[in-house]
Amino acid sequence: MKKIINVSSFKSRLRNMFTANIVPIIFLAVCLIGSYYSASSAPTILSDLVNRFSRNAVLVMSLIMPVITGMGLNFGIVLGAMCGQAGIIVVRILGIGGLPGIFVAMLVAAVASALCGQLAGRLLNRTKGQEMITSMIMGFFANGVYQFIFLFVVGGIIPVTSEIILSSGIGINSNIEMGSMKSALDNMTLFGFNTRVDVFTALVVLGILFTTLSLISCVALKRREKRDMIKLLAVACLFPIGFIGGKLPALAQYKLLIRIPIPTFLIIFFVGWLIKSFLKTKLGHDMRAVGHDRRVAAAAGINVNRTRIIAVMISTVMAGIGQVIYYQNLGVMDTYYGHERIGTYCVAAILIGGASVKKANVGQAIVGTLLFHLLFNVSPMAAQNLFSNSMVGGYFRMAICYGIIAISLILHAWRSRVDEKNLRAQMR
């Protein structure tokens, strides 16, 4: 009888896990089918996926804080994206290049994003319950202000002399070359060594680094729980996997094609760790409490409006820095339209990772970024091979992008109504 109960319990847990992760599982299946029909080699697909992931991960993670605080999916991260692009424009006008240019652009983006985030947070506090549509409309309004500034004010009202100014002397070019800032972070040189390395060398380096950090955590902080030991063992395995994999002739193509920008990956890991650590602080617990129930949080003495503003500011600042990382990887900035799709694409990515309007974490952002951009990679070639038209793949991924957002919002509305009915039934 005991075995039957255990088997039944295992099946129940498995079913619940499958139900909770149904969206990532479906998209993983779609991506695998697309990879098969694209007829591209695994190293080629993985090489492009690594590039896209390093470019977009921070932007997707910028959505986590507002979701946890109960404001839903923040389409307003386009404000941060615009601030990131403004930082790049300022740096290009000042003529600062290379890695210093990247850091100055991030600093300008962070300051401007913090200001915009505070204003956005104040606005969202006046539209409680309608934050998602408000943030979307706010993004459209901010886009108009952004275009007015860089099409008319720069050069027209504020005299500026730079190669990025239009030939008329008024406004910024629609496409701006990043110059020496292109891949300055990805290809950073440290002690004479290029930090963009093959995948197996990256596994060795990251394995040593994370194993050292895990050992320090276990010894200094006295973390010896089973979960901590599993993490230590997992990161320790990276070193032998990378060392042995780099020696195998069968994996030579993977070593040749897949290049890992270690500084960018470390920034992504640091941002993820920072989010998880922040949520363990008092302010992080306050954000969770506000997201769970604003009225109860207010009754407990939490300043709800202030907490929500801080969440929006963090989200916007992360998006601004993420946009700088995005364009230093891409190499060419689309001045007037590059930020417009950021909100939609990032929202779709985190939803594909299993997040919802009320729940999101770092793992879901990472998984969603990988699945979403894997779909972007393989769908054009798969459509070309299946339908002799690569445009079908473009239409398909756009339909997926908007479709997953629509389905998520519909499910959120349905669940809210069900919860409200259940609450009324309990009160009776």
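Everything numeric here is computed off the predicted structure, so don't read it as measured data.

Visitor: Teacher, can you tell me more about unusual backbone geometry here?
Guide: Phi is mostly negative for residues that are not glycine, and the peptide bonds are mostly trans. At Ala39, a position not held by glycine, the phi torsion is positive, near 60 degrees. Looking at the secondary structure, you find Ala39 in the loop between α2 (22–38) and α3 (42–61). The phi dihedral of Ser183 falls on the positive side, at around 55 degrees, and the residue is not glycine. With respect to the helices and strands, the residue Ser183 is situated in the loop between β1 (175–177) and β2 (189–190).

Visitor: Could you clarify how one ought to interpret the packing of helix α6 (residues 98–125) against helix α7 (residues 131–156) in this entry?
Guide: The angle between the axes and the distance between the axes are what describe a pair of packed helices. Two elements in contact, α6 and α7, have axes whose closest approach is 10 Å; the angle formed by their N-to-C orientations is 135 degrees. Judged on the interaxial angle alone, α7 and α6 are oblique. In this structure, the crossing between α6 and α7 has a hand that is right-handed. Taking contact as the criterion, the partners of Ala120, Leu123 and Leu124 in α6 are, on α7, Glu131, Thr134, Ser135 and Met138. Residues that form the contact of α6 with α7 fall into these classes: four nonpolar, two polar and one charged.

Visitor: What's the story with the nonpolar core in this structure? I'm lost.
Guide: One recurring pattern in soluble globular proteins is that nonpolar side chains are buried together. Counting 99 residues, the largest nonpolar core has Met61, Leu73, Ile172, Ile275 and Ile350 as the members making the most contacts within it. Discounting residues that sit within four places of it in the chain, Met61 has contacts with Ile268, Val271, Gly272, Ile275, Met318, Val362, Ala365 and Ile366.

Visitor: Please explain the side chain of Thr369 as it appears in this structure.
Guide: When you line up the elements, Thr369 lands in helix α17 (residues 362–387). Dropping the residues within four chain positions of it, Thr369 is found in contact with Phe53, Asn56, Ala57, Val60 and Ala349.

Visitor: Would you explain helix α12 (residues 262–278) in this entry?
Guide: Think of an α-helix as 3.6 residues a turn; residues three or four steps apart then line up on the same face. Look at α12: 24 Å from first C-alpha to last across 17 residues, which is about the 24 Å you get at 1.5 Å a residue. Ile262, Pro263, Thr264, Phe265, Ile268, Val271, Gly272 and Ile275 are the residues of α12 that are buried.

Visitor: I keep staring at α3 and nothing clicks. Help me out?
Guide: In this model α3 runs 26 Å from its N-terminal to its C-terminal C-alpha over 20 residues, within 8% of the 28 Å that 1.5 Å per residue would give. The largest bend in α3 is about 40 degrees, located at Arg55.

Visitor: What is the right way to read the packing of aromatic side chains from this model?
Guide: The relative placement of two aromatic rings is captured by the distance of their centres and the angle of their planes. Per the stated rule, a full pass over the model turns up 12 aromatic pairs. An angle of 85 degrees between the planes, with centres 5.1 Å apart, marks the rings of Tyr36 and Tyr37 as edge-to-face. Using a relative accessible area of 64% as the deciding quantity, one classes Tyr36 as exposed. Ring centres of Tyr345 and Phe376 lie 5.3 Å apart, and the angle between their planes is 75 degrees; this geometry places the pair in the edge-to-face category. One end of the pair, Tyr345, is in helix α16 (residues 342–352); the other, Phe376, is in helix α17, with 31 residues separating them in the sequence. You'll find Tyr345 and Phe376 in the same group, each marked buried. By way of ring pairs, the aromatic residues Phe53, Phe210, Phe265 and Phe269 are connected into one cluster. Positioned above the aromatic ring of Tyr326 is the side chain of Arg55, whose terminal nitrogen or guanidinium carbon lies 5.9 Å from the ring centre.

Visitor: Which parts of the structure should I look at to understand the environment of Val392?
Guide: Within the secondary structure, Val392 is located in helix α18 (residues 391–427). Given a relative accessible area of 31%, Val392 falls into the partly exposed group. For the pair Val392 and Ala234, spaced 158 residues apart in the sequence, the C-alpha separation amounts to 41 Å.

Visitor: Help me understand the packing of α3 against α12 in this model?
Guide: Orientation of α3 relative to α12, taken along the N-to-C sense of each, is 25 degrees, at an axis distance of 10 Å. Between α3 and α12, the crossing angle belongs to the class labelled roughly parallel. Of the two elements, α3 crosses α12, and the hand of that crossing is left-handed. Residue-level inspection shows Val50, Phe53, Ser54, Ala57, Val58 and Met61 of α3 in contact with α12, the latter providing Thr264, Phe265, Ile268, Val271, Gly272 and Ile275. Across the contact of α3 with α12, the residue classes tally to nine nonpolar, three polar and no charged.

Visitor: Please clarify how the pattern of salt bridges should be interpreted in this entry.
Guide: Oppositely charged side chains can form a pair if their charged atoms are brought close together. Applying the stated criterion to the full structure yields five salt bridges. Between Glu163 and Arg92 there is a salt bridge, with the nearest N and O atoms lying 2.8 Å from each other. Here Glu163, found in the loop between α7 and β1, pairs with Arg92, found in helix α5 (residues 77–94); they are 71 residues apart in sequence, far enough to count as distant. Overall, the relative accessible area of 59% leaves Glu163 in the exposed class. We classify Arg92 as buried; its relative accessible area is 15%.

Visitor: Honestly, the environment of Thr201 in this entry has me stumped. Any pointers?
Guide: Along the polypeptide, Thr201 turns up in helix α8 (residues 199–220). Among the polar contacts made by the side chain of Thr201, one reaches the side chain of Asp198 at a distance of 2.7 Å.

Visitor: How should I be thinking about the confidence of the model for the protein in this particular structure?
Guide: Atomic detail in the predicted coordinates should be set aside for any region of low pLDDT. Residues at a pLDDT of 70 or more form 93% of the protein, whose mean pLDDT is 86. Counting interchain partners and residues more than four positions distant, the pLDDT-below-50 stretch residues 1–5 has zero contacts.

Visitor: Is there a simple way to explain a nonpolar patch on the surface in this structure?
Guide: Taken together, Phe141, Val145, Phe148, Ile149, Leu151, Phe152, Ile157, Ile158, Leu166 and Ile170 make up a surface patch of nonpolar side chains, about 910 Å² in accessible area. Within the secondary structure, Val145 is located in helix α7.

Rules and cut-offs
Per chain, the residues get numbers from 1 upward, laid out in the order the sequence is written. Selection of residues for local features in this predicted model requires a pLDDT of at least 70, selection of side-chain atom pairs for listing and counting requires 80 or more, and totals for whole chains, interfaces and linings are taken over all residues. Values shown for side chains rest on all heavy atoms present in the structure; no hydrogens or waters enter the calculation. Going along the chain from the N terminus, every DSSP run of H or I of four or more residues is numbered as a helix, and every run of E of two or more is numbered as a strand. Whenever a helix is involved, its axis is fitted only over the stretch in contact; in every case the axis is a line through C-alpha atoms, and angles between N-to-C directions fall within 0 to 180 degrees. Note on angle classes: values under 35 degrees are labelled roughly parallel, values over 145 roughly antiparallel, values of 65 to 115 roughly perpendicular, and the remainder oblique. By definition, any crossing whose near helix is turned counterclockwise from its far helix by less than a right angle is left-handed, and any crossing with a clockwise turn is right-handed. It only takes one pair of heavy atoms within 4.5 Å for two residues to be counted as in contact. In this classification, the charged set is Asp, Glu, Lys and Arg, the nonpolar set is Ala, Val, Leu, Ile, Met, Phe, Trp, Tyr, Cys and Pro, and all remaining amino acids, among them Gly, are polar. To define a nonpolar core, start from buried Ala, Val, Leu, Ile, Met, Phe, Trp, Tyr and Cys residues and group those joined through side-chain atoms within 4.5 Å. Think of it in three bands: residues with accessible area under 20% of the maximum for their type are buried, residues over 50% are exposed, and the middle band is partly exposed, with areas taken using a 1.4 Å probe on protein chains only. Helix span, as expected, comes to 1.5 Å for every residue beyond the first. A residue's bend is the angle separating two fitted axes: one through the seven residues that end there, the other through the seven that start there. For Phe, Tyr and Trp, rings pair up if their centres lie within 6.5 Å, where Trp contributes its six-membered ring, and each pair is then called stacked (planes under 30 degrees apart), edge-to-face (over 60) or tilted (otherwise). Put simply, a charge is over a ring when the Lys NZ or the Arg CZ is close to the ring centre, within 6 Å, and near the line of the ring normal, within 35 degrees. When a carboxyl oxygen of Asp or Glu is within 4 Å of a side-chain nitrogen of Lys or Arg, the pair counts as a salt bridge. Counting of polar contacts relies on pairs of N or O atoms within 3.5 Å, with two restrictions inside protein: one atom must be capable of donating a hydrogen and the other of accepting it, and residues adjacent in sequence are counted only when both atoms are side-chain atoms. On a range of 0 to 100, pLDDT expresses the predictor's confidence in each residue. Any residue with relative accessible area above 30% and no salt bridge may belong to a patch, with like charges joined within 9 Å and the nonpolar Val, Leu, Ile, Met, Phe, Trp and Tyr side chains within 5 Å. In these tables, accessible area is a Shrake-Rupley quantity obtained with a 1.4 Å probe, and a residue counts as shielded only by the protein chains included in the view.

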